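One-letter residues, chain by chain:
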Amino acid sequence: MLLRLTSPMAAGIALFALLFAAPLLGANEYYSYILNLMMIHVIVTVGLNLVMGHAGQLVFANAAIFGIGAYGTALLMKHFGLPFWLCLPLGAMLAVSIGLALVFPALRLSGIYLALATLAFAQCALWVMVHWTPVTFGAGGFTIPAVSFAPLPISPDMGMYYLAWAVCALLVVLARNIVRSRIGRAFVALSDNEISAQSLGIDLLRYKAAAFGLSSLFAGIAGGLFAGTLRFVGPESFDLHQMILQLVAVVLGGIGSLAGSVIGGVLIVVVLEFTKATKMSVEIVFGGLLLVFVLFAKGGLVVFIRRFLPSWNETLHASPAPRSKAP
Amino acid sequence: MKTQDMMIFGYLMATGLTTGALYALVAIGVVVVFRATGVVNFAHGEMFMIGGFLAWTAHVMFGLPFLVAFAAAVAGTFVLGIITYQTTFRPLASTGNQNAILLAMVGLSFVLKGIARDLWGGRGDYLSFPPLVSPTPVDIFGFMIMSQQLIVLGAAIAVMIGFWLFFRFTRAGKFMQATADNTKAARLVGLRVDRVFMLTFAVGAAIAGAAATLMAPLTLLYPDVGFSLFVKGFAAAALGGLGSIPGAIVGGFLLGVTEQLSANYIATGLQEVAAFILIFLVMIFIPNGLFGTAARRRV
Amino acid sequence: MLQVEHLNVFYGITEVLRDVSFTVPQGEIFALLGGNGSGKTTIINTLCGLVKPRKGSIRLLGQDLAGRPCDQMVRAGLIQVPQGREVFASMTVRENLEIGAATRPAGEIAGDLQEMYALFPRLREKRDRLAGALSGGEQQQVAIARALMGRPRLLLMDEPSVGLSPIVVEGMVETIRDLNRTRGLTILIVEQNVGVAAAVASGAYVLKDGEIAYSGSAPDLIGNPEVLASYLGR
């Protein structure tokens, strides 16, 4: 099949090619850092959209899971002197195991109940980060050394950049395959109606676990990369501000759209930097974006893109169009 | 030694009951809106926070009497409740998408918090409120209790009674109750349920404004206080089953006392997370709350 | 009294009422008959404003009300006694009746309340009980009295006999006749129960697939085997 130039796939390939080339084309340290943050947020957003958009589960703990990935990775380096390449997967595994534990409340709760229960959990996790001082170094956070990529002839910053690039590209492709697989269709059935999903033979426990596990995996890996990039980990990176950042990323791009997640993850970093540079209130800007998009542009930016580019052929899984019912 | 233990215990109970009464007021607002609309107002804490700042502006900045400040906070939050309804619930209710309503409320809560931060000082700035009466303790049954706490506790209970009277005896209160009970039937008797929902949001917010004004002399005001109080109010409401006003009141008192006792006898830091742990445990193990469906007459 | 003309109602893209026209004369009881899904309840819901018609007019005493919201329909005098009774379960009988008069000034309703208690003595006995704790028949009385408190010009009753025992249904039939005879109340009743319809109605319309298939006097229609067959969906 011919690759249309304006399909999400072609746009994605172009974006990643550009991201690969940016440092080589002379993007300075600051821009590389910003691009790096974008890729990290793309990973988080893609994961969060799997659980929130495709599976329809309103989870407010994702910022904390992101933090657990960051803390897990950085604390293993700090306390045991383990190398980053080992700590990153271990931190992600910690995040996944905690994300999976949240499946049990999620089996009984949905909607507002699930949102608030997971929010309460997130706040407890944040409290542990602040108060378990002997392990987490408390409210002030802690630094970790630069990650060396020797013997590769590449600086720590560039090493992190290309690591994030590779991981981000890999996870986006993984997410694309998941969405198109049986699991992805089961997620959508879950979000439509849990009871009818069950009657279609979809195992709630298995697919909720898959949705929570995947989003936690994405958040955990992103957290580890975040720690490696900033070389600093502190609780305030994972509080309510991080939560609304992630929610805005999902809603801005488009709930239930993979391309939207990529767009959202990139855009929130731009908006955040712009907001800080112009000294506007982050709370008003991001709260306002969330409100406005939920009220007036429910499908997010991908809906606009689709309107102007007919060849944008992604199926949106949270689209309001009625689906045909099973006989 | 024994008497000193008793003194501390008495003090903790008095503090717990006073803060508990305020949590109960916040919880009542959560429950009233939830019963009518099936939605938890995520921006409810911001109603509380802005109510507190409005009272501060009237009382401290403009030197108006406390009762006037109280009225200003209640009126201001009443309007804020209407704004919340108009910007979140009304435009999204017809879609039947609760997740969207909740997300809109999350957005609104951050906007309100940001506005408050701009208006009343940046992060880390705490505004203080003068005490209502001289801080001499009074002796009740051998317990030394701050007279200010007694006043606040009494006033909080008075607000609850006033609210109960409103629900029980005014037409508007009964219309709200009927709409919460059976929305379709409320439409069929000719009630404009959209107006009733708006009033429900407004009244819920106004109670939070009242609670904030009462709490202000006991604590400090800062933009993040809203989220913290929302969590406590929600925990109290969840403990009572989310749909029950008596449950919310009992939940509020229980939470207030638990916080004080756990902070003093287990670990200080627990006061901050007690509510979160409570929410998490209640939601998982007793989602219907302590009273659940047993509370038939719901007001 | 009520003139409905060329009423079209859609749910999404499905046409549920097609060009429905009928009249209900003042002081009469008319019945709407039809099988499940024939559109009877939709007519009632359109008349009281729960459903908006796409086309057509609903004239009550000459005033066109089509498309108005519920509260305006109630004020105009089109009030429904819903299927399944839908009482305010957590409120007392007395409160249920008071809320029935929600569209009228609070000072005017005391007399009506006494009138309802005279009409339904059971409700006077149980006025301080929660409506949710009453029996089905008593709840039906609450639902009727609540609707009457709004001073209807035309009372709409949606399947009032559903879920009630035969004895209770008999009492209700008496009540409906009585309301019509002594108060001159005009009533439009939707019924599955042929017996109830035959007992109270003077005229009837039979709906099939969203259209009026037959119309005439109630005894004639109900005695006609062809009509009955279509009504029962056979």
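Residue positions within a chain follow its written sequence, with the count starting from 1. The naming scheme follows written order: chains are lettered A onward, ligands numbered 1 onward. Selection of residues for local features in this predicted model requires a pLDDT of at least 70, selection of side-chain atom pairs for listing and counting requires 80 or more, and totals for whole chains, interfaces and linings are taken over all residues. Just so you know, side-chain values use all the structure's heavy atoms and leave hydrogens and water out.

Chain A is annotated in an unreviewed UniProt entry as Branched-chain amino acid ABC transporter permease from Xanthobacter tagetidis. UniProt positions are given in the numbering used here, feature names are shortened, and annotations may be inferred rather than shown by experiment. Its UniProt record gives chain A the following Subcellular location (unreviewed entry) comment, quoted word for word: "Cell membrane".

### As for the overall build of chain A
For the purposes of this entry, the term helix denotes a DSSP run of H or I that reaches at least four residues, the term strand denotes a run of E that reaches at least two, and both are numbered from the N terminus. On a plain count of helices and strands, chain A comes out with 15 helices and two strands. On C-alpha atoms alone, chain A measures out to a radius of gyration of 19 Å, which is about the 20 Å that the 2.2 N^0.38 rule sets for 327 residues. The dimensions of chain A, computed from C-alpha atoms along their principal axes, are 60 × 45 × 40 Å. Think of it in three bands: residues with accessible area under 20% of the maximum for their type are buried, residues over 50% are exposed, and the middle band is partly exposed, with areas taken using a 1.4 Å probe on protein chains only. Residue burial in chain A is summarised as follows: out of 327 residues, 55% are buried. We call two residues in contact when some of their heavy atoms are within 4.5 Å. Put simply, 77% of the contacts in chain A that link residues at least 6 apart link residues at least 24 apart. Here the accessible surface of atoms and residues is derived via Shrake-Rupley with a 1.4 Å probe, and residues count as covered only by protein chains that are part of the display. When the accessible area of chain A is evaluated, it comes to approximately 14,100 Å², of which 71% is carbon and sulfur surface. On chain A, the mean spot of the 17 positive side-chain charges and the mean spot of the 10 negative ones are 12 Å from each other. Radius of gyration here uses only the C-alpha atoms, and the compact-globule reference equals 2.2 Å multiplied by the residue count raised to the power 0.38. When charges are counted, Lys and Arg contribute as positive and Asp and Glu as negative, whereas His and the chain ends are disregarded. To locate a charge, the coordinates of NZ of Lys, CZ of Arg, CG of Asp or CD of Glu are taken.

### Description of the overall build of chain C
Broken down by element type, chain C carries 10 helices and 10 strands. Whereas a compact globule of 234 residues would reach a radius of gyration of roughly 17 Å, chain C reaches 17 Å, a difference of no more than 12%. Based on the C-alpha atoms only, the size of chain C along its principal axes is roughly 45 × 35 × 30 Å. The buried share of chain C, reckoned over its 234 residues, is 54%. For chain C, the accessible area works out to roughly 9,500 Å², and carbon and sulfur atoms hold 48% of it. Computing the positive centroid from 24 side-chain charges and the negative centroid from 25, chain C places the two 4 Å apart.

### Quick look at the sheet that holds strand β6 (residues 78-81) of chain C
Note on sheets: strands pair through backbone hydrogen bonds, and any given pair is parallel or antiparallel. All names here are of chain C. Ordered by their spatial adjacency, six strands build an open sheet running β6-β7-β8-β3-β9-β10, and the pairing between neighbours is mixed. Each end of this open sheet is capped by a strand with a single partner; those strands are β6 and β10 (211-217). With direction set aside, neighbouring strand axes in the sheet form an average angle of 20°. With five bridges joining them, strand β3 (residues 29-34) and strand β9 (residues 203-208) adopt parallel strand pairing. A pair of strands is considered paired only if DSSP assigns at least 2 bridges between the two. Under this scheme, a helix contributes an axis fitted over its contacting stretch, all axes are lines through C-alpha atoms, and angles between N-to-C directions fall in the 0 to 180 degree range.

### Describing the UniProt feature "transmembrane region" (unreviewed entry) in chain A
All names here are of chain A. Look at the UniProt record and you will see "transmembrane region" (unreviewed entry) annotated at residues 31-51, 58-77, 83-104, 111-130, 159-179, 209-232, 244-272 and 284-305. In residues 58-77, helix accounts for 80% and strand for 0%; the two terminal C-alpha atoms are 33 Å from one another. Taken end to end, residues 159-179 comprises 100% helix and 0% strand; its first and last C-alpha atoms sit 30 Å apart.

### Considering the interface of chain A and chain B
With 38 residues of chain A at the interface, the matching set in chain B holds 43 residues. What counts as buried area is the accessible surface, traced by a 1.4 Å probe, that two parts surrender upon association, with contributions from both included. For the pair chain A and chain B, the summed buried surface comes to about 3,400 Å²; carbon and sulfur atoms form 80% of the total. For salt bridges, the criterion is a side-chain nitrogen of Lys or Arg within 4 Å of an Asp or Glu carboxyl oxygen. The interface formed by chain A and chain B includes one salt bridge. Note that Glu283(A) is salt-bridged to Arg117(B), the shortest N-O span being 2.6 Å. Distance and chemistry together define a polar contact, namely a pair of N or O atoms within 3.5 Å, with one atom able to donate a hydrogen and the other to accept it when in protein, and with adjacent residues in sequence counting only for side-chain atoms on both sides. Inspection of the chain A/chain B interface yields two residue pairs in polar contact (both at pLDDT 80 or more). Broken down by element, the residue count for the side of chain A that touches chain B peaks at 13 residues, all from helix α6 (residues 111-131) of chain A. When its residues are assigned to classes, the side of chain A that touches chain B shows 27 nonpolar, eight polar and three charged. Following the grouping adopted for this structure description, the nonpolar residues are Ala, Val, Leu, Ile, Met, Phe, Trp, Tyr, Cys and Pro, the charged ones are Asp, Glu, Lys and Arg, and the polar ones are all others, Gly among them.

### What about the interface of chain C and chain B?
Counting from both sides, the interface comprises 30 residues of chain C and, opposite them, 20 residues of chain B. Carbon and sulfur atoms make up 58% of the surface buried where chain C meets chain B, a total of about 2,100 Å² over both sides. At the junction of chain C and chain B, the tally comes to four salt bridges. As a salt-bridge pair, Lys174(B) and Glu98(C) come within 3.3 Å of each other at their nearest N and O atoms. At the junction of chain C with chain B, the criterion picks out seven residue pairs in polar contact (both at pLDDT 80 or more). Breaking the side of chain C that touches chain B down by element, the ones donating at least two residues are α2 (70-76), β6 and α3 (93-100) of chain C. With four residues, α3(C) is the single largest residue contributor to the side of chain C that touches chain B. Taken together, the residues that form the side of chain C that touches chain B break down as 18 nonpolar, six polar and six charged.

### Quick word on the pattern of salt bridges
All names here are of chain C. Using the criterion set out here, one finds 19 salt bridges over all chains in the structure. Ionic pairing is found between Arg 151 and Asp 112, a salt bridge with its closest N-O pair at 3.0 Å. Note that Arg 151 is positioned in the loop between α6 (136-149) and β7 (154-158) and Asp 112 in helix α4 (residues 110-119), a separation of 39 residues in sequence. Using a relative accessible area of 6% as the deciding quantity, one classes Asp 112 as buried. Taking the shortest distance from any N to any O, the salt bridge between Glu 138 and Arg 122 comes out at 2.5 Å. With Glu 138 in helix α6 and Arg 122 in helix α5 (residues 121-125), this pair connects stretches of sequence that are 16 residues apart. For Glu 138, a relative accessible area of 8% puts it in the buried group.

### Re the nonpolar core
Nonpolar side chains in soluble globular proteins tend to be buried together. By size, the foremost hydrophobic cluster in this structure holds 205 residues, and its most contacted members are Phe60(A), Phe42(B) and Phe234(B). Leaving out residues up to four positions away in the same chain, Phe60(A) has contacts with Ala115(A), Thr118(A), Leu119(A), Ala122(A), Met243(A), Leu247(A), Phe42(B), Leu102(B), Leu103(B) and Val106(B). Ala131(C), Met157(C), Val169(C) and Val206(C) belong to the second-largest nonpolar core, a separate cluster that totals 46 residues. Working definition of a nonpolar core: buried Ala, Val, Leu, Ile, Met, Phe, Trp, Tyr and Cys residues. They are joined through side-chain atoms within 4.5 Å.

### Some thoughts on the arrangement of the chains
Highest in contacts among the two pairs of chains that touch are chains A and B. These two, chain A and chain C, are apart from each other, with no contact and a minimum C-alpha gap of 11 Å.

### Quick word on the packing of aromatic side chains
We call Phe, Tyr and Trp rings a pair once their centres come within 6.5 Å, taking the six-membered ring for Trp, and we label the pair stacked below 30 degrees between planes, edge-to-face above 60, and tilted otherwise. Taken as a whole, this structure holds 28 aromatic pairs over all chains when the rule is applied. Seen from their ring centres, Tyr30(A) and Tyr31(A) are 5.5 Å apart, and the 65° between their planes marks the pair as edge-to-face. Overall, Tyr30(A) belongs to the partly exposed group, its relative accessible area being 42%. Ring-pair connections join several aromatic residues into one group, and the members of that group are Phe66(A), Tyr71(A), Phe137(A), Phe142(A), Phe226(A) and Phe238(A). The ring of Phe169(B) carries the charged tip of Arg168(B) above its face, separated from the ring centre by 5.7 Å. Two limits define a charge over a ring: the Lys NZ or Arg CZ must be within 6 Å of the ring centre, and within 35 degrees of the ring normal.

### Looking at the environment of Glu159(C)
Residue and element names in this part refer to chain C. In this fold, Glu 159 is placed in the loop between β7 and α7 (166-183). Judged by its relative accessible area of 5%, Glu 159 falls in the buried class. Once the C-alpha coordinates of Glu 159 and Ile 212 are considered, the two residues, 53 residues apart in sequence, prove to be 18 Å apart. The contacts of Glu 159, once residues within four sequence positions are left out, are Lys 40, Gln 83, Val 190, Glu 191 and Gln 192. Looking at Glu 159, its side chain comes within polar contact range of the main-chain nitrogen of Gln 192, at 3.2 Å.

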